[in-house]
Amino acid sequence: MASDGQMTLGDIIFKHSTRKVRKIYNNSVLVGFAGSTADSMALLERFEKKLQEFGGNLLKSAIELAKDWRTDRALRQLSSMLLVADKQNILVISGNGDVISPDDNVAAIGSGGPIALAVAKALLKHTSLPPEEIAKEAIKLSGEISIYSNENIFIEVLE
């Protein structure tokens, strides 16, 4: 999982080196976020608690977080998206109650997400690059095109 490092507020760049991908749950789950940083951190904490509650079951934890996010009055106000993955699954979790498992094991979120997703899908289909290099190139090219992305790349890999 990879991310750029840009943090913006409207059209102002506040930070170039925000770490938006992390390993959690004994380094067995990757999580990335997009949107409001404080909201994302609150959701990340709740997601990690769900993982503990459900013994590391990624899908069950994601569904339960999405249900809480959708039905809890305070959580509904949070402006963020999460991308979570273990060695078997990749899931996008949104405040609309979505828990999406992409058909081709490639997903992206955030303002540069559509560009990164297109690049990653093309590289996956037409090259033999390893996943880490595909993610790196996708973020790099997104950073070249999107004003809300940059080329400060952070990568986390599950061993």
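Keep in mind the model is a prediction, meaning the values are calculated, not measured.

About the cut-offs
- In this numbering scheme, every chain counts its residues from 1 along its sequence in written order.
- Local features in a predicted model are, by the rule used here, given only for residues with pLDDT of at least 70; side-chain atom pairs are given and counted only at 80 or more, and totals for whole chains, interfaces and linings are based on all residues.
- Derived side-chain values reflect all non-hydrogen atoms in the structure, with water molecules and hydrogen atoms excluded from consideration.
- Labels follow the DSSP assignment, with helices taken as runs of H or I lasting at least four residues and strands as runs of E lasting at least two, numbered in each case from the N terminus.
- In this description the radius of gyration comes from C-alpha coordinates, and the expected globular size is given by 2.2 Å times residues to the power 0.38.
- Between two residues, a contact is recorded if the distance between any of their heavy atoms is within 4.5 Å.
- A 1.4 Å probe and the Shrake-Rupley method give the accessible areas. Residues count as covered only by the protein chains that appear here.
- Positive charge is attributed to Lys and Arg, negative charge to Asp and Glu, and no charge count is given to His or to the chain ends.
- All charge positions are set by atom: Lys at NZ, Arg at CZ, Asp at CG, Glu at CD.
- Axis definition: a line fitted to C-alpha atoms, limited for helices to the stretch in contact. Angles are taken between N-to-C directions and run from 0 to 180 degrees.
- Any angle that falls under 35 degrees is termed roughly parallel, while one over 145 is termed roughly antiparallel, one within 65 to 115 roughly perpendicular, and all others oblique.
- Note on convention: near helix rotated counterclockwise from far helix by under a right angle means a left-handed crossing. Clockwise means right-handed.
- Throughout this description, a polar contact denotes any pair of N or O atoms lying within 3.5 Å of each other; where both atoms belong to protein, one of them has to be capable of donating a hydrogen while the other can accept it, and for residues adjacent in sequence the pair is counted only when both atoms sit in side chains.
- A simple rule labels every residue: compare its accessible area, found with a 1.4 Å probe on the protein chains alone, to the largest value its type can have, and call it buried under 20%, exposed over 50%, or partly exposed in between.
- In this analysis, strands are considered paired if DSSP registers two or more bridges between them.
- Any carboxyl oxygen of Asp or Glu that lies within 4 Å of a side-chain nitrogen of Lys or Arg is treated as forming a salt bridge with it.

Peer 1: Looking at this model, I keep getting lost on the overall build of the chain. Mind explaining?
Peer 2: Of the regular secondary structure elements, the chain holds four helices and nine strands. Ordered by position from N to C terminus, the α and β elements of the chain give β-β-β-β-β-α-α-β-β-β-α-α-β. For 159 residues, the compact-globule formula gives about 15 Å, and the C-alpha radius of gyration of the chain, at 15 Å, lands near that figure. Contacts spanning at least 24 positions in sequence make up 54% of the contacts within the chain whose residues lie at least 6 apart. Carbon together with sulfur atoms contributes 51% to the accessible area of the chain, which is approximately 8800 Å² in total. If you average the places of the 18 positive and of the 20 negative side-chain charges in the chain, the two averages end up 4 Å apart.

Peer 1: Would you mind showing me how to read the packing of helix α1 (residues 37-53) against helix α2 (residues 58-71) here?
Peer 2: Each packed pair of helices is defined by two parameters, the angle between the axes and the distance between the axes. Across the interface, α1 lies against α2 with an axial gap of 9 Å and an inter-helix angle of 135 degrees. Taken as axis vectors, α1 and α2 run oblique relative to one another. At the point where α1 passes α2, the crossing takes the right-handed sense. Residues L43, R46, F47, K50 and L51 of α1 touch α2, and the partners they reach there are L58, S61, A62, E64, L65, D68 and W69.

Peer 1: Sorry, what's going on with the side chain of S94 here?
Peer 2: With respect to the secondary-structure elements, S94 resides in strand β7 (residues 90-94). A distance of 3.2 Å separates a polar atom in the side chain of S94 from the backbone nitrogen of N96. In this structure the side chain of S94 is engaged in a polar contact, spanning 2.8 Å, whose partner is the side chain of D98.

Peer 1: Just checking my understanding: could you explain the environment of R22 for this structure?
Peer 2: Structurally, the position occupied by R22 is in strand β4 (residues 21-24). Residue classification places R22 among the partly exposed residues on the basis of a relative accessible area of 28%. Distance from R22 to A135, taken between C-alpha atoms, is 15 Å for residues 113 residues apart in sequence. In contact with R22, not counting residues within four places along its chain, are V29, L30, V31, F33, M41, L44 and E156. A polar side-chain atom of R22 sits 3.3 Å from the main-chain carbonyl oxygen of R19.

Peer 1: What is the right way to read the sheet that holds β7 from this model?
Peer 2: Think of a sheet as strands paired side by side through backbone hydrogen bonds, with each pair either parallel or antiparallel. Taken together, the five strands give an open sheet; going across it, the order is β4-β5-β6-β7-β8, and neighbouring strands pair in antiparallel fashion. Every other strand in the sheet has two partners, leaving β4 and β8 (99-100) as the edge strands with one partner each. Across the face of the sheet, α1 comes into contact with β4, β5 (29-35), β6 (80-85) and β7 while running at roughly 155 degrees to β5. On the sheet, α2 packs against β5, β6, β7 and β8 and is oriented at approximately 10 degrees with respect to β7.

Peer 1: Is there a simple way to explain the pattern of salt bridges in this structure?
Peer 2: Two side chains bearing opposite charge may form a pair once their charged atoms approach each other closely. Counted under the stated rule, the structure contains seven salt bridges. A salt bridge links D104 to K121; the nearest nitrogen and oxygen atoms lie 3.2 Å apart. Of the two residues, D104 sits in the loop between β8 and α3 (113-126) while K121 sits in helix α3, which places them 17 residues apart along the sequence. By relative accessible area, K121 is classed as partly exposed at 37%. Put simply, E144 and K140 hold a salt bridge, and the shortest N to O gap is 3.1 Å. One end of the pair, E144, and the other, K140, are both in helix α4 (residues 131-145), four residues apart, so they sit about a helical turn from each other.

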